[in-house]
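# Close look at the chain arrangement
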Amino acid sequence: EDGVEQPSAIDDFVTQAESHIADADLVEIAQVQAEVLGADGVIKQIGSLSLPLPLFNVYLSEAEGWSYRLLDALSAWSENLEEAQPEMVNAWAHSLAGSSATVGFMVLSDLARKLEHALLHVAPQPRGIAQQVRCFVHAVQDIRSMLHQFAAGVLPSGNSDVLAQLQSILDQDV
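Residues numbered from 1 in each chain as written. Predicted model: local features only at pLDDT ≥ 70, side-chain atom pairs only at ≥ 80, totals over all residues. Heavy atoms only, no water.

### Comments concerning the pairing of strand E2 (residues 49-52)
The pairing of strand E1 (residues 43-46) with E2 spans 4 bridges and is antiparallel. The residue of E2 that forms the bridge with lysine 44 is leucine 51. Hairpin connection between E1 and E2: a loop of 2 residues separates the two successive antiparallel strands, and glycine 47 in this loop has a positive phi of roughly 60 degrees. (Pairing = 2+ DSSP bridges. Helix = DSSP H or I, 4+ residues; strand = E, 2+ residues; numbered from the N terminus.)

This is the structure we're talking about:
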């Protein structure tokens, strides 16, 4: 009362909670780690990357699906250039870039991000341009190749030619 705050019930609760957290049982920490790592704690080593096996499996499954749909849509576009850019291609490239970054697969993330930006850059065009669409298809073929290498336990290097071609599309006025 004289300008001095008295501890509230919330303050008491926070103090008790902090005490319990500070005294956490190492067994509980190990159990949480086991859940994060997967039931058996198996780690998949790919080059310098160490991933819990469940994360590796989920990433590959999702990335394979996105890359397949992306390649399918872009290949279909290459046969029907009079049409506008297919829906969802930006979203699939974005998902590949983000999920690859999450697992540390930066080479693939960088390529997918550059592809995403190039697709966004040309999206206002009313129809496809053969050279651009060929470049997009080639980029996705590279992404799929990198995913297959990754699945085999190899951390692939990037293709600077494809990145340069995508950059040249970004440098063009549309």
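Picking up after the structure, the text goes on.
### Brief notes about the environment of glycine 158
Structurally, the position occupied by glycine 158 is in the loop between helix H6 (130-151) and helix H7 (160-171). C-alpha separation for the pair glycine 158 and methionine 146, spaced 12 residues apart in sequence, amounts to 8.3 Å.

### Some thoughts on the side chain of glutamine 85
Residue position: glutamine 85 is located in the loop between helix H3 (53-79) and helix H4 (89-103). For glutamine 85, a relative accessible area of 13% corresponds to the buried category. Among the polar contacts made by the side chain of glutamine 85, one reaches the side chain of asparagine 90 at a distance of 3.4 Å. One polar contact links the side chain of glutamine 85 to the main-chain carbonyl oxygen of leucine 119, over a distance of 2.9 Å. (Buried < 20%, exposed > 50% of the residue type's maximum accessible area, 1.4 Å probe, protein only. Polar contact = N/O pair within 3.5 Å; in protein donor to acceptor, adjacent residues only side chain to side chain.)

### Section: H4
With 15 residues, H4 extends 22 Å from end C-alpha to end C-alpha; this agrees with the ideal 21 Å at 1.5 Å per step. All of the buried residues in H4 are Val89, Asn90, Trp92, Ala93, Leu96, Ala97, Ser99, Ser100 and Val103. Lining the buried residues of H4 we find E2, H3, helix H5 (106-122) and H6. One or two residues past the end of H4 sits glycine 104, with phi positive at roughly 90 degrees. (Expected span 1.5 Å × (residues − 1). Contact = heavy atoms within 4.5 Å.)

### With respect to the packing of aromatic side chains
By the definition in use, this model includes 4 aromatic pairs. Ring centres 6.5 Å apart and planes at 65 degrees place the aromatic pair tyrosine 59 and phenylalanine 105 in the edge-to-face group. A residue pair is termed long-range when its members are at least 10 positions apart, and tyrosine 59 in helix H3 and phenylalanine 105 in the loop between H4 and H5 qualify at 46 residues. (Phe/Tyr/Trp six-rings, centres within 6.5 Å; stacked < 30°, edge-to-face > 60°.)

### Topic: the confidence of the model for the chain
The predicted coordinates should not be examined in detail at positions where pLDDT is low. For the chain, per-residue confidence averages 85 on the pLDDT scale, and residues scoring 70 or more make up 77% of the total. Scored below 50 in pLDDT, residues 1-7 makes 2 contacts in the model with residues more than four places away or belonging to other chains. Note on residues 17-34: pLDDT under 50 across the span, and 2 contacts to partners over four residues away in sequence or across chains. (pLDDT = per-residue confidence, 0-100.)

### Comments concerning the nonpolar core
Ranked by internal contacts, the top residues of the largest apolar core, which has 41 residues, are Tyr59, Leu70, Leu74, Leu115, Phe136, Phe150 and Leu166. Setting aside chain neighbours within four positions, we find leucine 74 in contact with Val89, Leu119, Val133, Phe136, Val137 and Val140. (Core = buried A, V, L, I, M, F, W, Y, C linked by side-chain atoms within 4.5 Å.)

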